[in-house]
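Examination of the molecular architecture
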Amino acid sequence: MPYCRNCPNNRYFGSSKIPSVAPTANGPLSGICADFAAGEAMLSITYQGNDKKALKMAINTPRDYFDICLKCGGENIDWHNSTIIEQ
Ligand SMILES: [Zn+2]
């Protein structure tokens, strides 16, 4: 699983490649957010957009997509030792 180098978050991540559809000061950082289970594959994904292709790409290549920590907003994500199974 990925983890944030800035905070203890290793579970909730978004993507700068999929911007929030309704950006507000307190809104979500990303139009997509994934809940990664500890040591397992992705548990669930919340996606706000209409682009199914982007969603599929994010699922298939999570390392390329999920680059924002949804806890602290940092973009210093470490995928080292990730156990995500890439298809
Ligand atoms: Zn963080």
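Everything below is about the structure printed above this text.
Bear in mind the structure is a predicted one, so any value in this text is a computation, not a measurement. (Residues numbered from 1 in each chain as written. Predicted model: local features only at pLDDT ≥ 70, side-chain atom pairs only at ≥ 80, totals over all residues.)

1. Brief notes about the overall build of the protein
If you tally the helices and strands in the protein, you get two helices and six strands. Starting at the N terminus, the α and β elements of the protein follow one another as β-β-β-β-α-α-β-β. Here the protein holds 87 residues, and the buried ones make up 22% of them. Looking at the protein alone, contacts between residues at least 24 apart form 58% of all its contacts between residues at least 6 apart. (Helix = DSSP H or I, 4+ residues; strand = E, 2+ residues; numbered from the N terminus. Buried ≥ 20, exposed ≤ 12 C-beta atoms within 10 Å, placed from the backbone. Contact = placed C-beta atoms within 7 Å.)

2. Looking at the environment of Ala34
Among the secondary structure elements, Ala34 is positioned in strand β3 (residues 32-36). Between the C-alpha atoms of Ala34 and Leu70, which are 36 residues apart in sequence, the distance is 9.2 Å.

3. Focus on the nonpolar core
Residues Phe13, Ile32, Ala34, Ala58, Phe66 and Cys69 are the most contacted members of the largest nonpolar core, which totals 13 residues. For this core, the secondary structure elements donating two or more residues are β1 (3-4), β3 and β5 (68-69). With four residues, the single largest contributor to this core is β3. (Core = buried A, V, L, I, M, F, W, Y, C linked by C-beta atoms within 7 Å.)

4. Quick word on the pairing of β3
Of all five residues making up β3, four are buried, and the element is well covered by its neighbours. Looking at chain direction, strand β2 (residues 12-14) and β3 are connected through three bridges and run antiparallel. The residue of β3 that forms the bridge with Phe13 is Ala34. (Pairing = 2+ DSSP bridges.)

5. Structural notes on the environment of Phe13
When you line up the elements, Phe13 lands in strand β2. Residue classification places Phe13 among the buried residues on the basis of 27 C-beta atoms within 10 Å. Once the C-alpha coordinates of Phe13 and Ile32 are considered, the two residues, 19 residues apart in sequence, prove to be 8.3 Å apart. Ignoring sequence-local partners within four residues, the contact set of Phe13 consists of Pro2, Ala34, Phe36, Phe66, Ile68, Cys69, Leu70 and Ile77.

By themselves these figures say nothing about function.
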